[in-house]
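These are the residues of each chain, in order.
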Amino acid sequence: MDELIFFINRVLISGTVLGSIYALGAIGVTLIFGILRFAHFAHGDMMTMGAFVAFVLAGLCTALGIVTPLPTGFVVLPVAMVIAAFLALGIDKGFYAPLRKRGAKPVTMLIASIGVTLMIQGLIRLIFGSGTRSFYDTEPKDIFRIDMSALGGTRPISITEPQVLMFVVTALLVIALHLFLTRSRLGKAMRAMADNADLAQVSGINTALVVRVTWVIAGSLACVAGVMLALDVALMPDLAFNIVLPIFAAAIVGGLGHAYGAIVGGFLIAFAETLAVFNWTAVLRPLNGILPEGMALPANLALVPTEYKLTVAFVILVVTLLVRPTGIFKGVST
Amino acid sequence: MSAAEAETRWLDRPLYRGIALFVALFFLVAAAGVSQGSASMLLILVQATGFALIALGLNIQWGYGGLFNFAIMGFLMVGGAAVTFISYPVNASFWNSDGPMLLGRALLAFLIGAALVYAARQTRRLGLRGFFYGLVVVLAWFIAYVIYRSQIDPAAAYIESTAGFVGGLGLNPVLGWLFGGLLAAAIAYFVGRISLGLRTDYLAIATIGISEILRALIKNMDWLTRGTMSVSPMPWPTPLPQALQANGVGIADSFVQARLGFLALAVALLVIIFYVVQRAYGGPWGRMMRAIRDNHIAAGSMGKDVTGRQLELFVLGSVLMGIGGAMLVSFSQIFDPSGYQPINHTFMIWVMVIVGGSGNSWGVLLGSLLIYVVWVLSDPAAQLIFVNLSTLTQHMGWGAIPEIDSRALQMRVFVLGVVITIALRFAPKGLIPEVIRREG
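Residues numbered from 1 in each chain as written. Chains lettered and ligands numbered in written order. Predicted model: local features only at pLDDT ≥ 70, side-chain atom pairs only at ≥ 80, totals over all residues. Heavy atoms only, no water.

- An unreviewed UniProt entry lists chain B under the name Branched-chain amino acid ABC transporter permease, with Devosia ginsengisoli given as the organism.
- Entered under Subcellular location (unreviewed entry) in the UniProt record, the comment concerning chain B runs "Cell membrane". (UniProt positions renumbered as here; feature names shortened; annotations may be inferred.)

- An unreviewed UniProt entry lists chain A under the name Branched-chain amino acid ABC transporter permease, with Devosia ginsengisoli given as the organism.
- Check the Subcellular location (unreviewed entry) section of the UniProt entry for chain A; it says "Cell membrane".
- In its Sequence similarities (unreviewed entry) section, the UniProt record describing chain A reads: "Belongs to the binding-protein-dependent transport system permease family. LivHM subfamily."

As structure tokens, then:
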């Protein structure tokens, strides 16, 4: 039983946490690619930026003496999302819209987004320094332990409060996005534009509005992902820059331009990473009793060493691109 | 015609524009020399030469071929690792141990695995199709991986515990640079074979992924590269300052002379490569490459082997990246895998090519020197601004700026971002745009 609990703690929970983050980030990447047709490299830094916005807001709340039952960083999330959405619109207006107007190639846009990445990173480090911060300086991080002794386990299943919140928020946001894309006029317009931009334009869809909505959705989802990641681990300037590549991998594996593909890709990549570095000996240890003498399991039976965890995402990416060049769900290309 | 009009026309002519920009660059470097001292100016120049080589490599891939390579960091690391292997002194405790034998067994395991995968791929000839073919191939890969891991893991652990790492061959560093180019070419061949079928953005992301895989490998193969413990000191191809000091040269002068020697070698290499690349691009080869870049469908229908030529460009460009990476490592005398960052070693080189003018070697040369000098000088400049700001805030009674050094260091990342966006907006074709010339 303990082995199963270990598996749940190590694979199920951390895989779902990572998958939620990847999925939330990849939805933004995929929407921007679908509507604006370029790989928005600065998406990871928009996540970090959102997390820092929430951090400042949380700091304000603490300074004002507001105490909440939930983590302060989580309570200020709606406000932070609004601010992040405005920041995303501003970045588009300042850096991408002029290039788009000139009819720049997707390649130019991609390089421009790298410029934006560097500017956001530079600014964050300039203002906040390059140290690590935590949302939990003033309040304790709740850990829920589910007792499994009734089922014969000696250790509990443990899950932290931000992780529970993350599952709930991700599920809600995914449902909301699904309803938006399938039920609302604007969502349908977005899907139409992702499908065929020229056709959408001649059918009288307000493309400028669709572009703005895309940035609002991508910016606010990036903010959620960033805040959740920062709540789960810690807040640092390269928080999301380090995971922007797996996020891209998730978006591509799912098929660029497909919101559902991004979710599938996110969880796929996250579980592949978690399972690849999982030490199977910990689960298979009871077999030692059955195996003949001299055939004991080795101490470490992980498929890849932990140092190569991030590599798994890229290997999946490369293999996917080889087998299906536009992802599992057939994605769009420039 | 007014004077202002005449002036813009004069500056719009590529030759004069180029000359004016290079003169401006010369004054910038001279100013750096005056403010920083000639020893550090030489240091900047040698490194800038290395980056110019790398940027020329990217220009071959992107400017000539329109290939989106974001794996530059990977090729630099490969070049760096190669030069450590060639030029670092021989590690006797490795060669006298069982290490070589264990590595030989690992190589054998690798070959067996490769044969297995090859055999599995041949089952297609036996009529295996679809799901079962896929299953056989995946299974073969898995078994090959397990066989290889079963040999390499104990070998790596043994080498790390007895000898530290494999060590070098103690040969001349220039041979190491060439080997760096060769190794980068070999890896580029495989990378290109895998990913050149992809289109722009997909290719970019795939190559970033491959570059990160290379970094993870080089950083963690402690038995081969000493991993995060870094390899130093690496020998120089020209006399080191210490050697000059032993011959009675003063300490300050010895640094200047030694770096001048290295610079002369580096510039000679750059000039030769630059000339060859220019000639090739002006000739029939360059015309074919431009034809493929501008319209690969038309070029393909005219009978050009598009994929083959693109692979050729990818490999050629990567050779320059490998050589440049090796040169930078042997100049700084240390190979530190954790010192490689996508920002410094991939994006900055893209900025050099874009700002300079992709497709124009002169533009790329200007861009690489300019951006590198700006990148280096932005640190002391930001320090100066921040120290002054800090004194100002102290006078105002707000206290000093905390972590002033690290903040100033981050300014350069911001400046780099600003340079990219401004360049794309106001000079999308670069400072010296591409000019089509025929040189025979």
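1. Considerations on the overall build of chain B
Then step 1. Counting secondary structure elements, chain B contains 18 helices and 0 strands.
Then step 2. The C-alpha atoms of chain B give a radius of gyration of 25 Å, which matches the 22 Å a tight globule of 440 residues would have.
Then step 3. In terms of overall dimensions, chain B has a C-alpha envelope of 80 × 60 × 50 Å along the principal axes.
Then step 4. The buried share among the 440 residues of chain B stands at 48%.
Then step 5. Contacts in chain B between residues far apart in sequence, at least 24 positions, make up 81% of those at least 6 positions apart.
Then step 6. As displayed, chain B has an accessible area near 20400 Å², and 68% of this comes from carbon and sulfur atoms. (Helix = DSSP H or I, 4+ residues; strand = E, 2+ residues; numbered from the N terminus. Rg over C-alpha atoms; globule rule 2.2 N^0.38 Å. Buried < 20%, exposed > 50% of the residue type's maximum accessible area, 1.4 Å probe, protein only. Contact = heavy atoms within 4.5 Å. Areas by Shrake-Rupley, 256 points an atom, 1.4 Å probe, with all protein chains shown as cover.)

2. As for the pattern of salt bridges
Residues and elements named next belong to chain B.
Then step 1. Tallying each qualifying case throughout the model produces 6 salt bridges over all chains.
Then step 2. The shortest N-O distance in the salt bridge between D153 and R149 comes to 2.8 Å. In this pair, D153 and R149 both sit in helix 7 (residues 130-162), 4 residues apart, roughly one turn of the helix.
Then step 3. D294 is the partner of R293 in a salt bridge, and the nearest nitrogen-oxygen pair spans 3.1 Å.
Then step 4. Judged by relative accessible area, R293 falls into the partly exposed class, the value being 22%. (Salt bridge = Lys/Arg side-chain N within 4 Å of Asp/Glu carboxyl O.)

3. A closer look at the interface of chain B and chain A
Think of interface size as the accessible area that goes away when the parts come together; that is how it is often given.
Then step 1. The interface is formed by 44 residues belonging to chain B together with 53 residues belonging to chain A.
Then step 2. Carbon and sulfur atoms make up 76% of the surface buried where chain B meets chain A, a total of about 4100 Å² over both sides.
Then step 3. Together, D201(B), Y202(B) and I205(B) form the three largest contributors to the area buried by chain B at its contact with chain A, with a combined 18%.
Then step 4. Remark: the boundary between chain B and chain A carries 0 salt bridges.
Then step 5. For the pair chain B and chain A, the interface holds 5 residue pairs in polar contact (both at pLDDT 80 or more).
Then step 6. Put simply, the parts of the chain that give the side of chain B that touches chain A at least two residues each are helix 7, helix 9 (200-220), helix 16 (342-356) and helix 18 (404-426) of chain B.
Then step 7. The element contributing the most residues to the side of chain B that touches chain A is helix 9 of chain B, with 14 residues.
Then step 8. Tallied by class, the residues present in the side of chain B that touches chain A amount to 30 nonpolar, 7 polar and 7 charged. (Buried area = accessible area lost by both parts, 1.4 Å probe. Polar contact = N/O pair within 3.5 Å; in protein donor to acceptor, adjacent residues only side chain to side chain. Nonpolar A, V, L, I, M, F, W, Y, C, P; charged D, E, K, R; others polar.)

4. Brief notes about the side chain of R215(B)
All names here are of chain B.
Then step 1. Note that R215 resides in helix 9.
Then step 2. Judged by its relative accessible area of 15%, R215 is buried.
Then step 3. Discounting chain neighbours no more than four positions away, the residues touching R215 are M73, M77, Y340, Q341 and P342.

5. Quick notes on empty space enclosed by the protein
All names here are of chain B.
Then step 1. For the structure shown, the criterion picks out 1 cavity of 30 Å³ or more.
Then step 2. By volume, the largest cavity is sized at about 40 Å³.
Then step 3. Surrounding the largest cavity, I371, V374, W375, R412, V415, L416 and V419 form its lining.
Then step 4. Those elements that provide at least two residues to the lining of the largest cavity are helix 17 (361-396) and helix 18.
Then step 5. Top contributing element to the lining of the largest cavity by residue count: helix 18, with 4 residues.
Then step 6. Across the lining of the largest cavity, the residue classes tally to 6 nonpolar, no polar and 1 charged. (1 Å grid on protein atoms, 1.4 Å probe; cavity = no way out; pocket = protein on both sides within 12 Å on 5 of 7 lines; lining within 4 Å. Points joined across faces, edges and corners; volume = space filled by probe spheres on them.)

6. Quick look at the packing of helix 4 (residues 72-87) of chain B against helix 9 of chain B
Residues and elements named next belong to chain B.
Then step 1. Where helix 4 meets helix 9, the axes come as close as 7 Å, and the angle between the chain directions of the two elements is 30 degrees. Judged by the inter-axis angle, helix 4 sits roughly parallel to helix 9. Along this stretch, helix 4 crosses helix 9, giving a crossing that reads as left-handed. On helix 9, the residues that touch M73, G74, M77 and V78 of helix 4 are S211, E212, L214, R215 and I218.
Then step 2. Looking at the contact of helix 4 with helix 9 residue by residue, the classes come out as 5 nonpolar, 2 polar and 2 charged. (Axes fitted to C-alpha atoms, helices over the stretch in contact; angles between N-to-C directions. Parallel < 35°, antiparallel > 145°, perpendicular 65-115°, else oblique. Left-handed = near helix turned anticlockwise from the far one by under 90°.)

7. Things to note about the environment of A80(A)
Then step 1. Tracing the sequence through the fold places A80(A) in helix 4 (residues 77-101).
Then step 2. Once residues lying within four places of it in the same chain are set aside, the contact partners of A80(A) are V53(A), A54(A), L57(A) and C223(A).

8. Brief notes about the environment of I273(B)
Residue and element names in this part refer to chain B.
Then step 1. Mapping I273 onto the fold places it in helix 12 (residues 251-282).
Then step 2. Classification of I273 by relative accessible area gives buried; the value is 14%.
Then step 3. A sequence separation of 217 residues divides I273 from L56, and the C-alpha atoms of the two residues are 9.0 Å apart.
Then step 4. In this structure, I273 is in contact with L53 and L320, ignoring residues within four places of it in sequence.

9. Observations regarding a positive patch on the surface
Then step 1. Positive charge collects at one region of the surface, where K93(A), K101(A), R212(A) and R425(B) lie side by side.
Then step 2. Tracing the sequence through the fold places R425(B) in helix 18. (Patch = residues over 30% accessible without salt bridge, like charges linked within 9 Å, V, L, I, M, F, W, Y side chains within 5 Å. Lys, Arg positive; Asp, Glu negative; His and termini not counted. Charge placed at Lys NZ, Arg CZ, Asp CG, Glu CD.)

10. Quick look at the nonpolar core
Then step 1. By size, the foremost hydrophobic cluster in this structure holds 223 residues, and its most contacted members are F41(A) and M228(A).
Then step 2. If you tally residues by element for this core, the top one is helix 1 (residues 2-36) of chain A, at 17 residues.
Then step 3. Taken together, domain 1 (1-36 + 342-440) and domain 2 (45-86 + 171-340) of chain B each give at least three residues to this core, which thus spans both.
Then step 4. The residues contacting F41(A), other than those within four sequence positions of it, are L110(A), S113(A), I114(A), T117(A), F241(A), V244(A), L245(A), F248(A), I208(B) and F347(B). (Core = buried A, V, L, I, M, F, W, Y, C linked by side-chain atoms within 4.5 Å. Domains from an automatic or database assignment.)

11. A look at the confidence of the model for chain B
All names here are of chain B.
Then step 1. In this model, chain B carries an average pLDDT of 85, and 95% of its residues clear a pLDDT of 70 or more.
Then step 2. No element of chain B has a lower mean pLDDT than helix 1 (residues 3-12), at 56, and none a higher one than helix 15 (residues 306-332), at 93.
Then step 3. Reported confidence for the predicted complex is 0.82 by ipTM and 0.86 by pTM. (pLDDT = per-residue confidence, 0-100.)

12. As for the packing of aromatic side chains
Residue and element names in this part refer to chain A.
Then step 1. Taken as a whole, this structure holds 33 aromatic pairs over all chains when the rule is applied.
Then step 2. Here the aromatic rings of Y96 and W215 are separated by 5.5 Å at their centres, their planes lie at 10 degrees, and the arrangement is stacked. Of this pair, Y96 sits in helix 4 while W215 is found in helix 9 (residues 207-232), placing the two residues 119 residues apart along the sequence. Of the two residues, Y96 and W215, both sit in the buried class. (Phe/Tyr/Trp six-rings, centres within 6.5 Å; stacked < 30°, edge-to-face > 60°.)

13. Focus: unusual backbone geometry
Residue and element names in this part refer to chain B.
Then step 1. Here the phi dihedral of S230 falls at roughly 65 degrees; this positive angle occurs in a residue that is not glycine.
Then step 2. Among the secondary structure elements, S230 is positioned in the loop between helix 10 (222-225) and helix 11 (241-246).
Then step 3. The backbone of Q333 sits at a positive phi, close to 70 degrees, despite the residue not being glycine.
Then step 4. On the secondary structure map, Q333 appears in the loop between helix 15 and helix 16.

14. Observations concerning the confidence of the model for chain A
Then step 1. Residues at a pLDDT of 70 or more form 97% of chain A, whose mean pLDDT is 85.
Then step 2. Here helix 12 (residues 281-284) of chain A stands out as the element of chain A with the lowest mean pLDDT, 76, in contrast to helix 4 of chain A, whose mean of 93 is the highest.

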